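Here's the letter readout for the chains.
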Amino acid sequence: MRAGLLPAAAALVLACTPAGSGAVSPTKGGEATDFSARDLEGRTFRLGEHLGRHAVLLDFWATWCQPCQAEFPHLQRLYTENRERGFVVVAIAMDGPETIAEVPSFVRRNNLTFPVVLDEDSRIAALYNPRKAAPLSILIDKTGRIVKVREGFNPGDDALLEADVRAVLAETAPTP
């Protein structure tokens, strides 16, 4: 019995999911829902400007989440290597009032160059991540269809995510 509890305990350590409702994230095959949010410079980011043109990885995270921190170097590399092929990473900060002020310095310190938006009122989480799991990655193909939902970040997940992104980018030619 103890051996069966070990994998479950490890999964809890590698995902920062607060206790909450039993709501589930969007499922594979569903259509992505447009949203707009403020980025760190106060500009409006609109997902709809990318749907149908780019492959998009929505990444829900928080500054206090250690698995999120471990995931970011991989996301930055993936974005840098594939942005010219029509790939966009959108980091959605779910920090609350206690830590939202830390987001800009976190982004600078980690040299993140992809869009980072603030979900202070949880509107985006309500659409895509009602349990507020962190990290939670949602991969959307160039047609606007959700192709992968992945919660948590474990060693080796970067290779799986990279394979998923490469497969999505191979499905269609890049759109200018």
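Use the structure listed above.
Residues numbered from 1 in each chain as written. Predicted model: local features only at pLDDT ≥ 70, side-chain atom pairs only at ≥ 80, totals over all residues. Heavy atoms only, no water.

S.K.: Looking at this structure, how should I read the overall build of the protein?
M.R.: Counting its regular elements, the protein contains 5 helices and 7 strands. Order of helices (α) and strands (β) in the protein, N terminus to C terminus: α-β-β-β-α-β-α-β-α-β-β-α. Counting all 176 residues of the protein, 45% fall into the buried class. Restricting to contacts in the protein with at least 6 residues of sequence separation, those with at least 24 account for 76%. (Helix = DSSP H or I, 4+ residues; strand = E, 2+ residues; numbered from the N terminus. Buried < 20%, exposed > 50% of the residue type's maximum accessible area, 1.4 Å probe, protein only. Contact = heavy atoms within 4.5 Å.)

S.K.: Looking at this model, I keep getting lost on the pattern of salt bridges. Mind explaining?
M.R.: For side chains of opposite charge, pairing can occur when their charged atoms come near one another. One pass over the full model with this rule turns up 12 salt bridges. Between Arg166 and Glu81 there is a salt bridge, with the nearest N and O atoms lying 3.5 Å from each other. Linking Arg166 in helix α5 (residues 157-171) with Glu81 in helix α2 (residues 66-82), this pair joins segments that are 85 residues apart in sequence. With a relative accessible area of 35%, Arg166 lands in the partly exposed category. (Salt bridge = Lys/Arg side-chain N within 4 Å of Asp/Glu carboxyl O.)

S.K.: Explanation requested: the side chain of Arg150 in the structure shown.
M.R.: Its place among the elements puts Arg150 in strand β7 (residues 146-151). One polar contact links Arg150 to Asp164, side chain to side chain, over a distance of 2.5 Å. When neighbours within four sequence positions are excluded, Arg150 is seen to be in contact with Pro135, Leu136, Ser137, Leu160 and Asp164. (Polar contact = N/O pair within 3.5 Å; in protein donor to acceptor, adjacent residues only side chain to side chain.)

S.K.: Looking at this model, I keep getting lost on the pairing of strand β4 (residues 87-93). Mind explaining?
M.R.: Across a regular strand the side chains alternate sides, sitting on one face of the sheet and then on the other. Along β4, 7 of the 7 residues are buried, which leaves the element largely enclosed by surrounding structure. Both faces of β4 are covered, namely the face carrying Phe87, Val89, Ala91 and Ala93 and the face carrying Val88, Val90 and Ile92. As defined by bridge partners, strand β3 (residues 55-61) adjoins β4 across 7 bridges and the pair is classed as parallel. Paired with Val56 across the strands is Val88, a residue of β4. Taking the sense of rotation as the criterion, the β-α-β connection linking β3, α2 and β4 turns out right-handed. Across 3 bridges, the pairing between β4 and strand β5 (residues 116-118) is parallel. By the bridge assignment, Ile92 is partnered in β5 with Val117. Crossover connection from β4 via helix α3 (residues 103-109) to parallel β5: handedness right-handed. (Pairing = 2+ DSSP bridges. Right-handed = clockwise from strand over helix to strand, strands pointing away.)

S.K.: Is there a simple way to think about α5 in this case?
M.R.: What sets the pattern is the α-helix's 3.6 residues per turn: residues three or four places apart point alike. Its 15 residues place the ends of α5 21 Å apart at the C-alpha level, agreeing with the 21 Å of an ideal helix rising 1.5 Å per residue. Of the surrounding secondary structure, the elements contacted by the buried residues of α5 are β3, α2, β4, β6 (136-140) and β7. (Expected span 1.5 Å × (residues − 1).)

S.K.: Please clarify how the side chain of Ser137 should be interpreted in this entry.
M.R.: Within the secondary structure, Ser137 sits in strand β6. In this structure the side chain of Ser137 is engaged in a polar contact, spanning 2.9 Å, whose partner is the side chain of Asp59. Ignoring anything within four residues of it in the chain, the contact list for Ser137 reads Leu57, Leu58, Asp59, Glu71, Lys148, Val149 and Arg150.

S.K.: Honestly, the packing of α2 against α5 in this entry has me stumped. Any pointers?
M.R.: Working note: a packed helix pair is described by the angle between its axes plus the distance between those axes. The geometry of α2 relative to α5 is characterised by a closest axis approach of 11 Å and an angle of 25° between their N-to-C directions. Between α2 and α5, the angle is such that the two are roughly parallel. Between α2 and α5 lies a crossing of right-handed hand. In contact with His74, Leu75, Arg77, Leu78, Glu81 and Asn82 of α2, α5 contributes Asp158, Leu161, Glu162, Val165, Arg166 and Leu169. Of the residues assigned to the contact of α2 with α5, the class counts are 5 nonpolar, 2 polar and 5 charged. (Axes fitted to C-alpha atoms, helices over the stretch in contact; angles between N-to-C directions. Parallel < 35°, antiparallel > 145°, perpendicular 65-115°, else oblique. Left-handed = near helix turned anticlockwise from the far one by under 90°. Nonpolar A, V, L, I, M, F, W, Y, C, P; charged D, E, K, R; others polar.)

All quantities given are derived from atomic positions and should not be read as evidence of function.
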